[in-house]
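# Working through the structure, step by step
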Amino acid sequence: MEGIDSMGYDTATPVQEQVMIPILQGKDIIASAQTGTGKTAAFLLPLMNKIVTEPHDEHLINAMIIVPTRELAVQIAQSMEGLSYFTSVSSIAVYGGGDGTSFTTEKKALSSGVDVVICTPGRMIAHLNMGYVKMQALRYLVLDEADRMLDMGFHDDIMKIISFLPKKRQNLLFSATMPMKMREMARKILHNPLEINIAISKPPEQIVQEAFVVYESQKIPLVKDVLRRKDFQSVIVFCSKKQNVKQLSNELKRANFSIEEIHSDLDQVKREQVLLDFRNKKLKILVATDILSRGIDIEDIDLVINYDVPNDGEDYIHRIGRTARASSEGTAYTFITEKEQQKFAQIEALLGHPVTKARVPEQF
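Report follows, based on the coordinates. Everything numeric here is computed off the predicted structure, so don't read it as measured data. (Residues numbered from 1 in each chain as written. Predicted model: local features only at pLDDT ≥ 70, side-chain atom pairs only at ≥ 80, totals over all residues. Heavy atoms only, no water.)

## Considering the overall build of the chain
Across its full length, the chain carries 14 helices and 14 strands. For the chain, the spread of C-alpha atoms along the principal axes amounts to about 70 × 40 × 40 Å. When burial is assessed residue by residue, the chain has 55% of its 364 residues classed as buried. Total accessible area computed for the chain in this model is approximately 16400 Å², and 51% of it derives from carbon and sulfur atoms. (Helix = DSSP H or I, 4+ residues; strand = E, 2+ residues; numbered from the N terminus. Buried < 20%, exposed > 50% of the residue type's maximum accessible area, 1.4 Å probe, protein only. Areas by Shrake-Rupley, 256 points an atom, 1.4 Å probe, with all protein chains shown as cover.)

## Considerations on the sheet that holds strand 11 (residues 285–288)
Taken together, seven strands build an open sheet; the order of strands is 10-11-9-12-13-8-14 and the sheet is parallel. For this open sheet the edge positions go to strand 10 (259–262) and strand 14 (356–358), each flanked by a neighbour on one side alone. The mean angle between the axes of side-by-side strands here comes to 25 degrees, regardless of whether they run parallel or antiparallel. As paired elements, strand 10 and strand 11 share four bridges and run parallel to each other. Of the residues in strand 11, the one forming a bridge with Glu260 is Leu286. Sitting on the sheet, helix 11 (residues 242–254) touches strand 9 (235–238), strand 10 and strand 11, and the angle it makes with strand 10 is about 170 degrees. Across the sheet, helix 12 (residues 268–279) touches strand 9, strand 10 and strand 11, and the angle it forms with strand 10 is around 140 degrees. (Pairing = 2+ DSSP bridges. Axes fitted to C-alpha atoms, helices over the stretch in contact; angles between N-to-C directions. Contact = heavy atoms within 4.5 Å.)

## Topic: the sheet that holds strand 5 (residues 140–143)
Within the open sheet, the seven strands sit side by side as 3-4-2-5-6-1-7. Their pairing is parallel. Strand pairing shows two members of the sheet lacking a second neighbour, strand 3 (91–94) and strand 7 (194–197), which therefore form its edges. Here the strands of the sheet are splayed against their neighbours by 15 degrees on average, with no regard to which way each runs. Pairing of strand 3 with strand 4 (residues 116–119), which is carried by four bridges, proceeds in the parallel orientation. Considered in strand 4, the bridge of Ile92 is made with Val117. Packed on one face of the sheet, helix 4 (residues 70–83) meets strand 2 (63–66), strand 3 and strand 4 and runs near 155 degrees to strand 4.

## Re helix 10 (residues 219–229)
Buried residues dominate helix 10, accounting for eight of its 11 residues. Taken as a whole, helix 10 has its buried residues at Lys219, Ile220, Leu222, Val223, Lys224, Asp225, Val226 and Leu227. On its buried face, helix 10 sits against strand 8 (207–213), strand 9, helix 11, strand 11, strand 12 (303–306) and strand 13 (330–336).

## Here we look at helix 8 (residues 155–163)
Of the positions making up helix 8, those classed as buried are Ile158, Ile161 and Ile162. Buried residues of helix 8, viewed axially, fall in a sector of 100 degrees; they line one side. Along helix 8, the residues that are exposed and aim more than 90 degrees away from the buried face are Asp156 and Ser163. Those residues of helix 8 that are buried are in contact with strand 2, helix 6 (121–128), strand 5, helix 7 (146–151) and helix 9 (180–189). (Arc of directions from axis to C-beta.)

## Some points on the packing of helix 4 against helix 12
One can describe the packing of helix 4 onto helix 12 by two numbers: an axis separation of 12 Å at closest approach and a directional angle of 55 degrees. What the angle tells us is that helix 4 and helix 12 run oblique. When the axes of helix 4 and helix 12 are compared, the crossing they make is right-handed. Residues Arg70, Glu71, Val74 and Gln78 of helix 4 form the contact with helix 12, whose participating residues are Gln268, Arg271, Glu272, Leu275 and Arg279. Class assignment of the residues belonging to the contact of helix 4 with helix 12 gives a composition of two nonpolar, two polar and five charged. (Parallel < 35°, antiparallel > 145°, perpendicular 65-115°, else oblique. Left-handed = near helix turned anticlockwise from the far one by under 90°. Nonpolar A, V, L, I, M, F, W, Y, C, P; charged D, E, K, R; others polar.)

Structure below.
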């Protein structure tokens, strides 16, 4: 409770209200919940409570949380650190992309025991193949953003990891969408699960959504124009391609905006520093690839710009869902080129209404 209090939580979100008690009761759960609904605390708190109150061997691994990206692993580990600060629950994030020392640190924790392991599939398999990971007492398995893991081709890796785990365990699966292949995987992993649906993914009502129909050459001038209209404190610009991120961030730096870029070419240390600066408001604008659209928990973003139309409606909702988190207001602009109009029409169909089209200033 001290950890919860120090992190500023006072009201449970709908997903927290619905899943915490069944988890405490030991039920398997399949929950569809989009990012920004508070699902991380919804599974961390009951797991921590079980570890604190039930006898367990601290020289073995008690819980494993599998996630699609290292960013999400780091973020969950940070939440865990805050929530568990006043308890003896230990945790480690296990993910690729670091240097050799991080692998050694992970190996030490996995072989000597840690309460909660938060991991990406590939890195976990690298450790499991070496034979020192102490899985025999594992009691809790969480798959977070399971649909994303399937989209990224991790099905076989996940099933391989599960083959190392004890058969008797509690399983929690969280996913924004529930496609058929997800249900098939759930049937193999979960035992008589309770199904919880936290509404269909729809962006929060308080997000102001507008779209600009543009030519490719108008995009950069328009971004600059939008950013100058108002003193935005916190902005994320999403691009579909790395080269767009690099080109746009160069242009914005040249125009003296407070901006950094984030994409898979940056090493892990640099990415984490950029995110920290953005979270701490040292940096106003982040230009990012889709790697950031799910799972990065940064509150109070004033504006999201979709520099390119996202690939599908779910991605659109995840991207614009970075703004208006909890109950604050936010704005989301999307730039649509002629080639992307069909794609955006499909997004509008998912939303159930057209997005207001704003006028492109004549000088562009």
